[in-house]
Number of protein chains: 4
Amino acid sequence: MVIRIGLMGYGTIGKRVADAVMAMDDMELVGVIKQTPDYESEVAINKGIRLYTYDDKISKFEKLGIKVAGTVNDLIKSVDVMIDATPDGVGAENKVKIYEPMGLRAVFQGGEEAEVADVSFNALANYDMAIGRRFVRVVSCNTTALSRLIGAFLVHGYRIRRVRAYLVRRGADPREFKKGPINDVVFNPATVPSHHGPDVMTVIPTVDVVTMAVAVPTTMMHLHMVNMEFDGQITRGEAVKVLEETPRVLLFNTAFRKFDSLAQIIEWARDIGRLRGDVMENAVIEDSITVFQNELFLMQGVHQESIVVPENIDAVRAMFRLTDKWSSIRKTDSALNLVTMGKNYNLT
Amino acid sequence: MVIRIGLMGYGTIGKRVADAVMAMDDMELVGVIKQTPDYESEVAINKGIRLYTYDDKISKFEKLGIKVAGTVNDLIKSVDVMIDATPDGVGAENKVKIYEPMGLRAVFQGGEEAEVADVSFNALANYDMAIGRRFVRVVSCNTTALSRLIGAFLVHGYRIRRVRAYLVRRGADPREFKKGPINDVVFNPATVPSHHGPDVMTVIPTVDVVTMAVAVPTTMMHLHMVNMEFDGQITRGEAVKVLEETPRVLLFNTAFRKFDSLAQIIEWARDIGRLRGDVMENAVIEDSITVFQNELFLMQGVHQESIVVPENIDAVRAMFRLTDKWSSIRKTDSALNLVTMGKNYNLT
Amino acid sequence: MVIRIGLMGYGTIGKRVADAVMAMDDMELVGVIKQTPDYESEVAINKGIRLYTYDDKISKFEKLGIKVAGTVNDLIKSVDVMIDATPDGVGAENKVKIYEPMGLRAVFQGGEEAEVADVSFNALANYDMAIGRRFVRVVSCNTTALSRLIGAFLVHGYRIRRVRAYLVRRGADPREFKKGPINDVVFNPATVPSHHGPDVMTVIPTVDVVTMAVAVPTTMMHLHMVNMEFDGQITRGEAVKVLEETPRVLLFNTAFRKFDSLAQIIEWARDIGRLRGDVMENAVIEDSITVFQNELFLMQGVHQESIVVPENIDAVRAMFRLTDKWSSIRKTDSALNLVTMGKNYNLT
Amino acid sequence: MVIRIGLMGYGTIGKRVADAVMAMDDMELVGVIKQTPDYESEVAINKGIRLYTYDDKISKFEKLGIKVAGTVNDLIKSVDVMIDATPDGVGAENKVKIYEPMGLRAVFQGGEEAEVADVSFNALANYDMAIGRRFVRVVSCNTTALSRLIGAFLVHGYRIRRVRAYLVRRGADPREFKKGPINDVVFNPATVPSHHGPDVMTVIPTVDVVTMAVAVPTTMMHLHMVNMEFDGQITRGEAVKVLEETPRVLLFNTAFRKFDSLAQIIEWARDIGRLRGDVMENAVIEDSITVFQNELFLMQGVHQESIVVPENIDAVRAMFRLTDKWSSIRKTDSALNLVTMGKNYNLT
Ligand SMILES: NC(=O)c1ccc[n+]([C@@H]2O[C@H](COP(=O)([O-])OP(=O)(O)OC[C@H]3O[C@@H](n4cnc5c(N)ncnc54)[C@H](O)[C@@H]3O)[C@@H](O)[C@H]2O)c1
Ligand SMILES: NC(=O)c1ccc[n+]([C@@H]2O[C@H](COP(=O)([O-])OP(=O)(O)OC[C@H]3O[C@@H](n4cnc5c(N)ncnc54)[C@H](O)[C@@H]3O)[C@@H](O)[C@H]2O)c1
Ligand SMILES: NC(=O)c1ccc[n+]([C@@H]2O[C@H](COP(=O)([O-])OP(=O)(O)OC[C@H]3O[C@@H](n4cnc5c(N)ncnc54)[C@H](O)[C@@H]3O)[C@@H](O)[C@H]2O)c1
Ligand SMILES: NC(=O)c1ccc[n+]([C@@H]2O[C@H](COP(=O)([O-])OP(=O)(O)OC[C@H]3O[C@@H](n4cnc5c(N)ncnc54)[C@H](O)[C@@H]3O)[C@@H](O)[C@H]2O)c1
């Protein structure tokens, strides 16, 4: 069975999900919906992606000689599910205006409220909750990274009492030239907890998660400083082993391998030939992993542009009952050329 | 009694300490030692500050028409104490080469190891430890801010079990044009704890302090996200009251007064006419003060360029037994035009 | 005669103009119009400035305990002229809705189209054109800086055939935390000429000015790289002399005085005690002044936040025929503590 | 004939040249010399690159389990030419210490003085000057970009009298986390001309080139604002056509294709799957191409990390007389997957 997928919104997330869908043998990208005929449209067409647009925008595309395959309606009638990667809040509108009336299933992104979907999703942490669902929300980049991190220990049988995470967020994505800040640290928000803690708890309700967040003038990756309070003992060695064998988590070593900063993690991804220099895995700083009594401290880098891509794929598999959790995770990771060596896909 | 002060190093910290000393009626700035005849030398002279330099550098100054009052030796013979604000590690060399041989007292900065001095100093937290000492180290900007914060609760009789603080450090001071990073978050260091936690414990040995730190591309202020675990109860209202009445701590409100970021705290300082736009107080974000059970969360901004200035003044008073702790703090704050309204100078 | 002034808009430009007006003995700041009761309102009140607001906003101020002196209408009836420092385009609306109907005179800023006023104004370049006018537009920061630079040579009798200027614009003002770019150079605009060249020609129609502009991730100052083609000869020595004696132009030397970057020019302003660290003068890099045949090359820094402030004051004097050009420039410079030593206020 | 190549220095430039050499069928990468066993060493080995190091560093590599193929001496004896991509000045030392004594040929980079080599090289502008030479210097990124731009018009038969170029340099490469500036524009240098103008004239001595340069807080690309004075007429249409058909020059359109900034050019390269998101071509902003009389204005982006890579390949071909100029350029461009469509490889 090949699931026919339509994509709404071809921005930072959308274009990556499009490439990922095209790399899967159990999915087919029928087309993407674009509103503006810009260089991203050209790139899509050169990749063999069919563009669809709103009726009143077709002429704009044609005027610039960019071929449109049809209207939004045309696309919608040819797909089994829509992956919606429009800006925050637009997905919810699309649900009411398009997906529900048309009886379409949909995957939403983390910029939507949890209520938009039947379940908030992270593959490692709660794949099974999405099985057979109509509307699934893949949680945001920060929430995905925290869910994976907590999930890694949970699937290994550890119990966690409380997580306090401190988020240093990138101010904007690389191509967003109007967004700041430039020379500033922004309280994002000034209140505690930031929305991320409660958001993680939509995926993992059993752990108490408190987060604080600020935004800084970088475009690279978010940086998390995490404190996890275990219910019971854990050693540093155990923690390292858990992270080493958990899929979608990578360890970056500073002392020997000289990863001194987030930019160097991206440099590595560029050097090894990752498309767009993307790092879809949590990038945990190995040297930072420290245990004091029952508390684990660590830092991780979160590549906001790409980290949710694998989860979008897995969400579709769960919704259509294509495979079980670990088969899906493994299949996605292989197809996307993530690091699979040393990873354990037979957990829990 | 007027203490005669010489200053070694006229950079970010030194020039501010110079201005501060000149504002005190119980101290006299005899002169500062400069190595290079640049615009900062001109500024000093225009402020009526006498410049001294090394024998072999006098001609460099004269060639550019910058008047030198004498040599390092000349200055040293005319002072009761040297405040050393040279770069990290140079102070320790100066101690061995100059201060000890000449029987001179000295104040050092936080870039030196704790061992350089008899005591690591923060006015609020351990003024009395410096009374009568020969060598005192004013701890670094981050350590000063954490010591004040913890000290505020201690002088109000609260007991604190543990502090975990997450530091988002500015990458460089405004005028340091060669230092980065530009678009990066640097693990600073990658290991846990960063040196700041142990450094706070040189001032306040009774509280367990763990810190993690990263550096980001800003020049403005450091940002701390702090978690304090109390031994016993505290309410949000109590915490706010403690901070409101503690000298050298200011509350900045986001919701009503619209302080959305660190840059706006500096904007305020510029607007009210603070010299150089300096904020010598801890800048606590009022909205972030949150209590969960016995844990207090908050954010604070730390103006690295100026926050240690008042402590340099108080250190001198303690060393020469000029006044007691609270008299010194009050006297310094008034002379430097810090916020004194609503502050309680009769604590403990 | 004391001119009674009202100020509309109390942001980056407005608050500086307010302080400047208060420093003049021939002007009185009756009050400023504010829309939001934030920390800037508190600062204004602490400076003794009366706040006025729109009828429907009074309660918002009162709720936060910020005293309002009256409504917009109240202010308007008590002034001779309004200085409008609202965001781009709002000034034009205010003209139609308020100033013209009320028969009020007004000074506008450079964010408005030239058509908003009877004349586009720069004190050095065309003071006399504003004499007696009702509506005057003080041109933007970049245009002001270029007008002064070109004006400096014109008032010294040089003839200039063509100016080509390349603008490296700061991305946002220090407190604007939402504006970028972060790690990018933005074509601002991609077309040639940028609006600045034609805008300079609204002030100096006799010189052909072509400009190109990009925006970069700084908040400090604009940087201009300028090429001036003279009609006839000029030597480097002459050029230096012209700039040395022209008011509102300062030379910053790199080789000896160690001004290596724009941040160090601001550092100097902070160090000498300029309010807010402002530099209202053109900051010409002395070392960059170079003559090849009849072409002069140079770099200048432009402090966007403050450079237009003196011109706002002079504009009022011209409109009300308070003094002649050079008397006004000298009076403004003295009152604002700009550098007057070595400046020639008897030019042309 | 296959040229056997050794690489000295595996940093920003070196690692890209290594990948490029491996893509050529007339060259063989024998190995690269590394000093430090870091993540870049691992990446190299995973690409199948043999590592060589200095005798005294072998154990450092072995301790971390990184396989070394031999010593510097071993490598040197097995190659026809060394490409030296060490930091500024080290190449000149290597020449004296290694290449000359061993009778080895070498390609140097633009960080070396022109005197290090027999010729300063740009493929488009002076390929033939390097034919048969022993030591060739590929000029720096900025010089390469200007040489290509001027060369493009020269090979089309236009005559250029003078070029004035204004360089907005990126402050550091993405992975250089210690280099700034952060919130500053640095005079780089303060004097006119910057070294770039004279450097272009080592390649193209017949055109007078004056440059000014500043450095800004970005890591992306340099931005040039260029003014070219033609000897004779040129129309905008002609200029566009010249650039369209010249290899290694790409036009990026803002108005229709929405390239608003340098970051979006890199975004495009990432999206189309360029390794590391590199743009080895000059990125000319089409909308900026403007002609006033005999003067052409334009902006171009220069991807400092990769732009000199093709020239390193061509330099080898010229030195060993492998092919003629246009055959080499075409062969390099095809192998590196640069844009070849629409390009004219039969110029002059
Ligand atoms: N960028 C990130 O860091 C990131 C990370 C994780 C999750 N997310 C979430 O992913 C979602 C998408 O974010 P993004 O960063 O990709 O945004 P984006 O702005 O890069 O892309 C959104 C795209 O949707 C298009 N669009 C807008 N309205 C549309 C409509 N009505 N129909 C069709 N297309 C429309 C826009 O033109 C744009 O191309 C949001 O929910 C966001 O919160 C973003
Ligand atoms: N800048 C900060 O954020 C900050 C904050 C708190 C504490 N500190 C500490 O304060 C100390 C000074 O730091 P800074 O930022 O002012 O440094 P700085 O580099 O701005 O100034 C140091 C000055 O000392 C001068 N100097 C160097 N060697 C000298 C010598 N042998 N004799 C005389 N002068 C000499 C330098 O020329 C320079 O002017 C350091 O210990 C630092 O760790 C700095
Ligand atoms: N910031 C600069 O670099 C700069 C330099 C030179 C000229 N200018 C020009 O000066 C003008 C003001 O710019 P700014 O940077 O000070 O803007 P700003 O946004 O800092 O300040 C504008 C102020 O006007 C207030 N305002 C908006 N609408 C209003 C209304 N209807 N009534 C009363 N107040 C209102 C806003 O609340 C704000 O406080 C613009 O024309 C701008 O182009 C700005
Ligand atoms: N980065 C750019 O933007 C750029 C652009 C064009 C030209 N260049 C020029 O290319 C050259 C290399 O610059 P880069 O940016 O690649 O530098 P880099 O610092 O990124 O790389 C230099 C490499 O050489 C190694 N190295 C240093 N000394 C060595 C030695 N003795 N033996 C072996 N290896 C040694 C270093 O470890 C490093 O890996 C310089 O001449 C530079 O001016 C750089």
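Everything below is about the structure printed above this text.
Analysis parameters
Residues numbered from 1 in each chain as written. Chains lettered and ligands numbered in written order. Predicted model: local features only at pLDDT ≥ 70, side-chain atom pairs only at ≥ 80, totals over all residues. Heavy atoms only, no water. Contact = heavy atoms within 4.5 Å. Buried area = accessible area lost by both parts, 1.4 Å probe. Salt bridge = Lys/Arg side-chain N within 4 Å of Asp/Glu carboxyl O. Polar contact = N/O pair within 3.5 Å; in protein donor to acceptor, adjacent residues only side chain to side chain. Helix = DSSP H or I, 4+ residues; strand = E, 2+ residues; numbered from the N terminus. Least-squares fit on C-alpha atoms with pLDDT ≥ 70 in both. Near = heavy atom within 4 Å. Areas by Shrake-Rupley, 256 points an atom, 1.4 Å probe, with all protein chains shown as cover. Nonpolar A, V, L, I, M, F, W, Y, C, P; charged D, E, K, R; others polar. Domains from an automatic or database assignment. Buried < 20%, exposed > 50% of the residue type's maximum accessible area, 1.4 Å probe, protein only.

### What to know about the interface of chain A and chain D
- Contacts between the two partners involve 35 residues from chain A and, on the opposite side, 35 residues from chain D.
- Between chain A and chain D the total buried area reaches about 3000 Å² when both faces are included, carbon and sulfur atoms providing 55% of it.
- The largest per-residue losses of area from chain A upon contact with chain D belong to Tyr39, Arg270 and Asp271 of chain A, which jointly make up 25% of the total buried on that side.
- In this structure, the connection of chain A to chain D is made through 12 salt bridges.
- The partner of arginine 270 of chain A in a salt bridge is aspartate 278 of chain D, with the nearest N and O atoms 3.6 Å apart.
- At the boundary of chain A and chain D, one finds 18 residue pairs in polar contact (both at pLDDT 80 or more).
- Contributions of two or more residues to the side of chain A that touches chain D are made by α1 (12–22), α2 (39–46) and α10 (262–271) of chain A.
- Here the element with the most residues in the side of chain A that touches chain D is α10 of chain A; it accounts for 6 residues.

### Some points on the relation of the copies chain A and chain D
- You can overlay chain A on chain D at an RMSD of 0.0 Å; the transform is a turn of 180 degrees with a shift of 0.0 Å along its axis. This pairing of chains is accounted for by a two-fold axis.
- The fraction of interface residues of chain A whose copies in chain D are also interface residues reaches 100%, indicating that both copies meet through the same surface.

### Structural notes on the site of ligand 4
Residue and element names in this part refer to chain D.
- Around ligand 4, a shell composed of 21 residues is seen, among which Ile13, Tyr54, Asp88, Asp173 and Arg175 lie nearest.
- Between threonine 12 and ligand 4, the recorded distance is 2.9 Å, taken from a backbone N or O atom to an oxygen atom.
- The protein chains hide 83% of the 830 Å² of surface that ligand 4 would expose on its own.
- Per-class residue counts for the shell around ligand 4 are 9 nonpolar, 8 polar and 4 charged.
- Split by domain, the residues of the shell around ligand 4 number at least three in each of domain 1 (3–139 + 308–335) and domain 2 (141–302).

### Looking at the side chain of glutamine 304 of chain B
All names here are of chain B.
- Among the secondary structure elements, glutamine 304 is positioned in the loop between β16 (295–302) and α11 (309–319).
- Judged by relative accessible area, which is 4%, glutamine 304 ranks as buried.
- Side-chain polar atoms of glutamine 304 contact the side chain of aspartate 173, separated by 2.9 Å.
- Ignoring anything within four residues of it in the chain, the contact list for glutamine 304 reads Ile13, Cys141, Arg170, Ala172, Asp173, Pro174, Thr219, Met220, Met221 and His222.

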